[in-house]
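The primary structure of each chain is shown beneath.
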Amino acid sequence: MSEYNGYITAEPIAGAEAGPLASERVAVKDNISTAGVRTTCGSAMLESYVPPYDATVIERLNEAGATITGKTNMDEFGMGTTTETSAFGPVENPAALGRVPGGSSGGSAAVVAAGDADMALGTDTGGSVRCPAAFCGVVGIKPTYGLVSRHGLVAYANSLEQIGPIAPAVEDAARLLDVIAGPDERDATTREAGAESAYAAAADGDVAGTEIGVPTQLLEGADEAVVERFWAAIDELEAQGADYHEVELPSLEHAVEAYYMIAMSEASSNLARFDGVRYGPATESDSEGDWNDAFAAVREAGFGEEVKRRILLGTYALSAGYQDKYYRKAQDARAWVKRDFDEALKEADVLASPTMPVPPFERGESLSDPLTMYLADANTVPVNLANLPAISVPAGETDAGAPVGIQFIGPAFGEEQIVRVGSALA
Ligand code: GLN
């Protein structure tokens, strides 16, 4: 079970006797609170933190009869694309040994790909469900912002993230979505919309008459082998009665910059609570009552390099005098991305792109080069900026045997549409 280092804590939690997930083993990313079972966020800062309450999605899994297998490994606080920044060590990709499983929900995708769980929950702030699903050859859904409660999710960038399902097949991922979706009075950003939908029932593979838009910006610069698999999947959908057209979304060129500016700004604020007083290990520094020194000592020891980089950049971007220059501009770009998507979705039922522009990296390859890692998020982050739903579905492998994923993006609360199209392939 620990072969791929997919679990941080493999402690089962039993669910109700009966329910729609009664025979399912579900793994849960370790940034989702579980009462009595430690929740580390992949960070030394929270190595022994045990939440006193369950996240709403955990309550819903329990009621649905699921057996939770344990808490899965992840990039520290969800910041990464490879699951190599965890304080508990990197995760191996069971579908392509020697390569990364993707991130930041790499543990969740790996345990599903390895058969150590039937389904899993991940979280997607800028691609962290879809990227590991693509890299491990399984299915992942990033729900519309507001469809799934974030109560009990340890926040990285609240305005962008959603909890989402990972499973070997579209129908199974949709069954898990059926259980976790719907409004929650403890999360004021959740909506009524979509609560009555039947996602698993939508996995009927019927794509006759479906119009697919292909944003050309999301193919530019993508790896050749990935582009080849992408068009082969589109051909297959055409053979089943779908149509496609290409579409220009000029705002997408600024999406990665806008995403990282917003994500890092929100992170710098969210992570301020880890100070050794409210959360994190108590300090033993000889700070002689200087709380600044005491906080700094805990944060120096408890956070990894990538987390520190983001807190520094986010704090800088929000500082007096720079806010208009960086944060406000990023918000403008976010609004532009949203408008572009809304326009494109007037002419198409779904939009399609490769999930990731590259096949899974070799392990260790991107660690010393954060910028390369950020750019790999080019196709996933626009969806979070626009608050839309998207699914990643396997689209075969490269010649070297590395999994490739195709992503379908739908209109807000259009999960049934992306599930239907995805199910025509997997
Ligand atoms: N790779 C992106 C980041 O590092 C996405 C992470 C996520 O979705 N949690 O921010």
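These lines cover the structure that appears in this document, whether it is placed above or below. (Residues numbered from 1 in each chain as written. Predicted model: local features only at pLDDT ≥ 70, side-chain atom pairs only at ≥ 80, totals over all residues. Heavy atoms only, no water.)

With respect to unusual backbone geometry
Thinking step 1. With omega at 5°, the peptide bond leading from Gly103 into Ser104 counts as cis.
Thinking step 2. Considering the arrangement of structural elements, one finds Ser104 in the loop between strand S3 (67-72) and helix H2 (106-113).
Thinking step 3. For Asn387, which is not glycine, the phi torsion reads 60° and is therefore positive.
Thinking step 4. Structurally, Asn387 is set in the loop between helix H11 (381-385) and strand S10 (390-397).
Thinking step 5. Overall, the relative accessible area of 24% leaves Asn387 in the partly exposed class. (Helix = DSSP H or I, 4+ residues; strand = E, 2+ residues; numbered from the N terminus. Buried < 20%, exposed > 50% of the residue type's maximum accessible area, 1.4 Å probe, protein only.)

Quick notes on the sheet that holds strand S2 (residues 25-29)
Thinking step 1. Strand order in the open sheet formed by eleven strands is S1-S3-S2-S4-S6-S5-S10-S11-S9-S7-S8, and the pairing between neighbours is mixed. Looking at which strands have only one partner, the edges of the open sheet turn out to be strand S1 (7-9) and strand S8 (243-247). Adjacent strand axes in the sheet meet at a mean angle of 35° when their direction is disregarded.
Thinking step 2. Summarising the sheet, strand S7 (residues 211-215) and S8 pair through five bridges and their orientation is parallel. Each bridged residue has a counterpart across the sheet, and for Gly213 the counterpart in S8 is His245. (Pairing = 2+ DSSP bridges. Axes fitted to C-alpha atoms, helices over the stretch in contact; angles between N-to-C directions.)

Some words on the pairing of S3
Thinking step 1. Within S3, five of the six residues are buried, which leaves it mostly tucked inside the rest of the structure.
Thinking step 2. Here S1 runs beside S3; their pairing, made up of two bridges, is antiparallel. What sits directly across from Tyr7, in S3, is Thr72.
Thinking step 3. Relative to S3, S2 runs parallel, the two being bridged by five bridges. The residue bridging Val26 from the neighbouring strand is Ile68, located in S3.
Thinking step 4. Handedness of the crossover is the feature at issue here: the chain leaves S2, passes through helix H1 (residues 56-63), returns alongside S3, and the resulting connection is right-handed. (Right-handed = clockwise from strand over helix to strand, strands pointing away.)

Things to note about the state of the cysteines
Thinking step 1. Tallying each qualifying case throughout the model produces zero disulfides.
Thinking step 2. Free cysteine: Cys136, not disulfide-bonded; nearest cysteine sulfur from Cys131 at 8.6 Å. (Disulfide = S-S within 2.5 Å.)

Concerning the site of the ligand
Thinking step 1. Around the ligand, the structure places 15 residues, and the nearest of them are Thr125, Gly126, Ser128, Tyr156 and Tyr259.
Thinking step 2. Contact between the ligand and Gly78: a nitrogen atom at 2.9 Å from a main-chain N or O atom of the residue.
Thinking step 3. A distance of 2.8 Å is found between a nitrogen atom of the ligand and a side-chain nitrogen or oxygen belonging to Thr81.
Thinking step 4. Contact with the protein chains removes 100% of the 290 Å² of surface that the ligand exposes when unbound.
Thinking step 5. The class makeup of the residues in the shell around the ligand is four nonpolar, eight polar and three charged. (Near = heavy atom within 4 Å. Polar contact = N/O pair within 3.5 Å; in protein donor to acceptor, adjacent residues only side chain to side chain. Areas by Shrake-Rupley, 256 points an atom, 1.4 Å probe, with all protein chains shown as cover. Nonpolar A, V, L, I, M, F, W, Y, C, P; charged D, E, K, R; others polar.)

Section: the pairing of S10
Thinking step 1. Pairing analysis gives three bridges linking strand S5 (residues 139-142) to S10, with the strands arranged antiparallel. By the bridge assignment for S10, Ile141 is matched with Ile391.
Thinking step 2. Joining the antiparallel neighbours S10 and strand S11 (residues 403-409) is a turn of five residues, in which Gly401 adopts a positive phi near 85°.

Description of the packing of aromatic side chains
Thinking step 1. Per the counting criterion, the structure on display carries 14 aromatic pairs.
Thinking step 2. With centroids separated by 5.3 Å and ring planes inclined at 50°, the aromatic side chains of Trp231 and Tyr244 adopt a geometry described as tilted. One end of the pair, Trp231, is in helix H5 (residues 224-239); the other, Tyr244, is in strand S8, with 13 residues separating them in the sequence.
Thinking step 3. For Tyr244, a relative accessible area of 32% puts it in the partly exposed group.
Thinking step 4. Aromatic pair Tyr316 and Tyr326: ring centres 6.1 Å apart, planes at 40°, arrangement tilted. Of this pair, Tyr316 sits in helix H8 (residues 305-318) while Tyr326 is found in helix H9 (residues 324-344), placing the two residues ten residues apart along the sequence.
Thinking step 5. The partly exposed category is assigned to Tyr316, whose relative accessible area is 42%. (Phe/Tyr/Trp six-rings, centres within 6.5 Å; stacked < 30°, edge-to-face > 60°.)

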